[in-house]
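Fold and contact review
Given next are the chains, with one letter for each unit.
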Amino acid sequence: MAGSSFGTIFKITTWGESHGAGIGVIVDGCPAGISLCEQDIQIYLNRRKPGQSRFATPRKEEDCVEILSGVFEGKTTGTPISMLVKNQTQRSKDYSEIASYYRPGHADYTYDQKYGFRDYRGGGRSSGRETIGRVAAGAVAAKVLETYGITVTAYTKSIGTVSIDPSHLDFDEMWNNALYMPDAAASKAAAALLEEKMKETDSVGGVIECIARGVPAGVGEPVFEKLDANLAKAVMSIGAVKGFEIGDGFAAAQSFGSFNNDGFRSENGEVRKTSNHAGGILGGISDGSDIILRAAVKPTPSIFKPQETVNQDGENITVQIKGRHDPIIVPRAVVVVEAMTAVTILDMLLIAGSFKHSGTEAPCTE
Ligand SMILES: Cc1cc2nc3c(=O)[nH]c(=O)nc-3n(C[C@H](O)[C@H](O)[C@H](O)COP(=O)(O)O)c2cc1C
């Protein structure tokens, strides 16, 4: 199966299945001389690790990363960085039943139609566990972006109908609640909604917002390699993501030119924008302001309610899914959106110009 690689210069290839021996990624094209150790990666992986709250799958996995290549004496060598996370608590018997039918909202039917055969254990390659490789690669990209003074931060904007209040944003708060919402009141209301839906054996979706700060103007290539086009591909390739926006996004369709246009001003010889409805990208090229994107995430497809489906013999059946599942995917996908944004921006920065190591990334944290 082709399609497991992303990027041009900073190129990542993820591999592995949910219930196979392990999951990982190969990062090729990382500049040499960047301080990097396993702890730098582990901090990111811990943010998507399962079993950390009652709103995440109870599957217990330590998700400990091993760097197998591309790092010597705490620094990247410029050669492929291979990273491995071993699967530890596969319980494939939970999934033996789904070998014969198609779970609604999952990739079972389409994989079967395409290949005539599938690794049905936990969704195999279409599992949320595939995102481990993306997050590990994103941690490396974030380390390199630090040397440019670029930061990428994602958080939960909404869960179901509960949205953060932009006038109450508190980014320290996002580390205090299991939902990664930077608004204490909204996270409490969202938790109550989740409790209610979990009692009904149902699931909930939401929106993740991501901000990249410090990206200089000029990143992105006309016309098929636009920065926003590549960000859309990166984010839409994450399982369960059903919508993507830059800046005002879909709301711009109901706006007016007089409001939606970001004016320009000259301040001390520098060109500044008076607003940022465009979300930091014009004509596919970064304009120097914050890049703001959003991902709409669907409700977890595996729910414990009886559902209608079809088995491989074409018979109509009713199924009740077993196994361990996230009642909401959003909080665990926050770091995945952040990682894919970092990977894309770094790749396009490297395409836009040559990399000069400034030595300003944080030293190895081990
Ligand atoms: C971090 C993450 C965790 C996920 N966890 C689950 C889960 O526990 N149960 C489930 O049914 N789907 C889960 N998914 C979603 C499925 O992988 C996805 O919906 C499915 O493969 C179908 O793909 P599509 O939604 O992109 O069409 C998760 C996705 C991500 C990104």
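Residues numbered from 1 in each chain as written. Predicted model: local features only at pLDDT ≥ 70, side-chain atom pairs only at ≥ 80, totals over all residues.

Looking now at helix 3 (residues 131–146). Given 3.6 residues per turn, any residue in an α-helix points the same way as the ones three and four places further on. Helix length check: helix 3, at 16 residues, gives a terminal C-alpha distance of 22 Å against a target of 22 Å (1.5 Å per residue), a fit within 8%. With 15 of 16 residues buried, helix 3 is to be regarded as a mostly interior element. (Helix = DSSP H or I, 4+ residues; strand = E, 2+ residues; numbered from the N terminus. Expected span 1.5 Å × (residues − 1). Buried ≥ 20, exposed ≤ 12 C-beta atoms within 10 Å, placed from the backbone.)

For the rest of this paragraph, the subject is helix 5 (residues 227–236). Listing the buried residues of helix 5 in full gives Leu227, Asp228, Asn230, Leu231, Ala234 and Val235. Along the axis of helix 5, the buried residues cluster in a sector spanning 160°; they form a single face. Contact partners of the buried residues in helix 5: strand 1 (5–6), strand 11 (241–246), strand 14 (281–282), strand 15 (285–286), strand 16 (291–297) and helix 7 (330–352). (Arc of directions from axis to C-beta. Contact = placed C-beta atoms within 7 Å.)

In a soluble, globular protein the nonpolar side chains are often hidden away together inside. With 83 residues, the main nonpolar core has Ala136, Ala141, Val235, Ala333, Val337, Val343 and Ile345 as its most contacted residues. Sorting elements by how many residues they give to this core places helix 7 first, with 14 residues. The contact partners of Ile345, leaving out residues within four places of it in the chain, are Leu145, Ile150, Val152, Ala212, Val215 and Val219. (Core = buried A, V, L, I, M, F, W, Y, C linked by C-beta atoms within 7 Å.)

Here we take up the sheet that holds strand 2 (residues 11–16). With antiparallel pairing, 5 strands are arranged side by side in an open sheet as 1-2-3-7-4. Where the open sheet ends on each side, the last strands, each with one partner, are strand 1 and strand 4 (65–67). Pairing between strand 2 and strand 3 (residues 22–28): 6 bridges, direction antiparallel. Counterpart to Trp15 in the pairing with strand 3 is Gly24. Where helix 1 (residues 38–48) meets the sheet, it contacts strand 4 and strand 7 (81–86), and its direction lies at approximately 150° from that of strand 4. Lying over the sheet, helix 3 contacts strand 2, strand 3, strand 4 and strand 7, oriented at roughly 35° with respect to strand 3. (Pairing = 2+ DSSP bridges. Axes fitted to C-alpha atoms, helices over the stretch in contact; angles between N-to-C directions.)

Glancing now at the site of the ligand. The local shell around the ligand holds 22 residues, among which Ser126, Gly128, Gly239, Ser302 and His325 are the closest. If you tally residues by element for the shell around the ligand, the top one is helix 7, at 3 residues. Residue classes in the shell around the ligand are distributed as 7 nonpolar, 11 polar and 4 charged. (Near = placed C-beta within 6 Å. Nonpolar A, V, L, I, M, F, W, Y, C, P; charged D, E, K, R; others polar.)

Inspection of the secondary structure puts Gly263 in the loop between helix 6 (257–260) and strand 12 (264–267). Once the C-alpha coordinates of Gly263 and Tyr102 are considered, the two residues, 161 residues apart in sequence, prove to be 52 Å apart. Beyond its immediate sequence surroundings of up to four residues, Gly263 is in contact with Lys273, Thr274 and Ser275.

With that settled, the discussion passes to the pairing of strand 10 (residues 206–213). Going residue by residue along strand 10, you find Gly206, Ile208, Cys210 and Ala212 tucked away on one face and Val207, Glu209, Ile211 and Arg213 left uncovered on the opposite face. Bridging between strand 8 (residues 151–159) and strand 10 involves 8 bridges; their strand directions are antiparallel. What sits directly across from Thr151, in strand 10, is Arg213. Across 7 bridges, the pairing between strand 10 and strand 16 is antiparallel. Looking across to strand 16, one finds that Cys210 is bridged to Leu293.

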